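Here are the chains, one letter per residue:
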Amino acid sequence: MRPFRFLAHPGGSHSGKQLGEVARRAEGLGYSGLVFPDHLGMQMSPIPAMATVLAATESLRAAPFVLNVDLHQPAVLAQDLASLDVLSGGRVDIAIGAGWNKPEYDATGLSFDPTGTRVERLTEAVAILKGCFGDGAYSLAGDHYTITDFNSQPKPVQRPHPPFFIGGGGRRTLELAARQANVVGFAPRLLKGAADPRSMTFEATVEKMEWVRTAAGDRFEELEFNAYPSGVPVTVTDDLHGEAGKVVDFFRKQSGHELTVEEVIDSPHLFIGSIDRLTEKFVELRERLGISSFMVGDVDELAPVVERLAGT
């Protein structure tokens, strides 16, 4: 089994000094990395935030979670990410996705294309990033991007490239992740812009894992798997069943679909319970599904769990 790795996000906007303090605290607690969302008008841009974290720490990694390919020209992005990797001595992870938040597209005049088109664009973007990170010049004549004899500089420290994280809840994205990513992230599908509770269950994740297994072929054993809280925030409580019942009510009102209390408790995307129970849950998810990487939200909320499990 892979050792546990935990990711956190600092939340909100911080001064450089404040963000550095959060990063050093995360490093001391045993977190693997800090991550930053990539949305317009909602928080700091991930690239400068990552640079601040990497400059303030010695071993902590940094990643977007996740880059929206529609907001970044891939060759330009390759230079930014490779520069960060060089400056940090090889502590950058690359989490990238097809984009999902339609309101920010509408507000900024970007075309929100059908899912298939966005996944095609993501596929080309990943190829370009890997090509730019490789030795020598790279070319691609795609449906969405054209790169001609371009020798991107600098090259990242991590060879052949920094680890790629690709996640999703749909089959097309997860099959792409199986073929191209180092870390596969499991997420719920979206239903009218919100997490679909039917895709948050343990059983739904088992199905997604089989999609990945089939698409990955011989490289399946090389993959790392990630899960993160969705739909409702992390809840530390001694009243596990009572809080799980509240989540059942929330999803019923939000989507019209009802989970059972046990489905909520077992879900890889719902982190509810005492510190002891959540510690047990992460161990169970690793044993039963092979998920060893978790993005847990705020640095402090599950710090006791991280201190117990990180690296074990």
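Residues numbered from 1 in each chain as written. Predicted model: local features only at pLDDT ≥ 70, side-chain atom pairs only at ≥ 80, totals over all residues. Heavy atoms only, no water.

**Q** Explain the pairing of strand 12 (residues 224–227) to me, using residue names and the numbers behind them.
**A** Going residue by residue along strand 12, you find Glu-224 and Asn-226 tucked away on one face and Phe-225 and Ala-227 tucked away on the opposite face as well. Pairing analysis gives 4 bridges linking strand 9 (residues 183–186) to strand 12, with the strands arranged parallel. Among the inter-strand pairings, Val-184 is bridged to a residue of strand 12, identified as Phe-225. Taken together, the 3 bridges between strand 12 and strand 15 (residues 291–295) define a ladder with parallel strand orientation. Its bridge partner lying in strand 15, Asn-226 is registered against Ser-293. (Buried < 20%, exposed > 50% of the residue type's maximum accessible area, 1.4 Å probe, protein only. Helix = DSSP H or I, 4+ residues; strand = E, 2+ residues; numbered from the N terminus. Pairing = 2+ DSSP bridges.)

**Q** Describe the packing of aromatic side chains, naming the residues involved and giving the relevant values.
**A** Tallying each qualifying case throughout the model produces 14 aromatic pairs. Consider the rings of Phe-133 and Phe-164, whose centres lie 6.5 Å apart with planes at 50°: the pair is tilted. Residue Phe-133 is found in helix 5 (residues 115–133), and its partner Phe-164 is found in strand 8 (residues 164–168); the two are separated by 31 residues along the sequence. What makes Phe-164 buried here is its relative accessible area of 0%. (Phe/Tyr/Trp six-rings, centres within 6.5 Å; stacked < 30°, edge-to-face > 60°.)

**Q** Pulling in residues and values, what's your account of the sheet that holds strand 12?
**A** One key point about sheets: their strands pair by backbone hydrogen bonds, in either a parallel or an antiparallel sense. Read across the sheet, 9 strands follow the order 3-2-1-15-12-9-8-5-4 without closing on themselves; strand pairing throughout is parallel. The sheet terminates laterally at strand 3 (61–64) and strand 4 (67–68), the two strands that pair on one side only. Sheet topology places strand 1 (residues 5–8) next to strand 2 (residues 33–36); 2 bridges connect them, and they run parallel. Pairing of Leu-7 across the sheet is with Gly-33, part of strand 2. In the packing of helix 7 (residues 202–216) onto the sheet, the strands contacted are strand 9, strand 12 and strand 15, and the crossing angle to strand 9 comes to about 150°. (Contact = heavy atoms within 4.5 Å. Axes fitted to C-alpha atoms, helices over the stretch in contact; angles between N-to-C directions.)

**Q** Account for the environment of Gly-16, naming residues and giving values.
**A** Residue position: Gly-16 is located in helix 1 (residues 16–29). Taking the C-alpha atoms as reference points, Gly-16 and Ala-125, separated by 109 residues in sequence, lie 30 Å from one another.

**Q** Which residues make up the nonpolar core, and what values go with them?
**A** One finds Tyr-31, Ile-96, Phe-282 and Phe-294 to be the most contacted residues of the largest nonpolar core, which totals 75 residues. No other element matches helix 5, which puts 8 residues into this core. If near-sequence neighbours (up to four positions away) are discounted, Phe-282 is found in contact with Phe-4, Phe-6, Phe-271, Ile-291, Phe-294, Val-296, Leu-302, Val-305 and Leu-309. (Core = buried A, V, L, I, M, F, W, Y, C linked by side-chain atoms within 4.5 Å.)

**Q** Just give me the short version of the pairing of strand 2, but keep the residues and values in it.
**A** On strand 2, burial covers both faces: Gly-33 and Val-35 on one face and Leu-34 and Phe-36 on the other are all buried. In this view, the connection linking strand 1 to its parallel neighbour strand 2 by way of helix 1 has right-handed handedness. As defined by bridge partners, strand 2 adjoins strand 3 across 4 bridges and the pair is classed as parallel. Across the sheet, residue Phe-36 finds its bridge partner in strand 3, namely Pro-64. (Right-handed = clockwise from strand over helix to strand, strands pointing away.)

**Q** Give me the lowdown on unusual backbone geometry, citing residues and values where you can.
**A** The omega torsion of the bond from Phe-65 to Val-66 falls at -5°, within 30 degrees of zero and hence cis. Here Val-66 shows up in the loop between strand 3 and strand 4. With an omega of 0°, the peptide bond between Gln-153 and Pro-154 qualifies as cis. With respect to the element layout, Pro-154 can be found in the loop between strand 7 (146–150) and strand 8.

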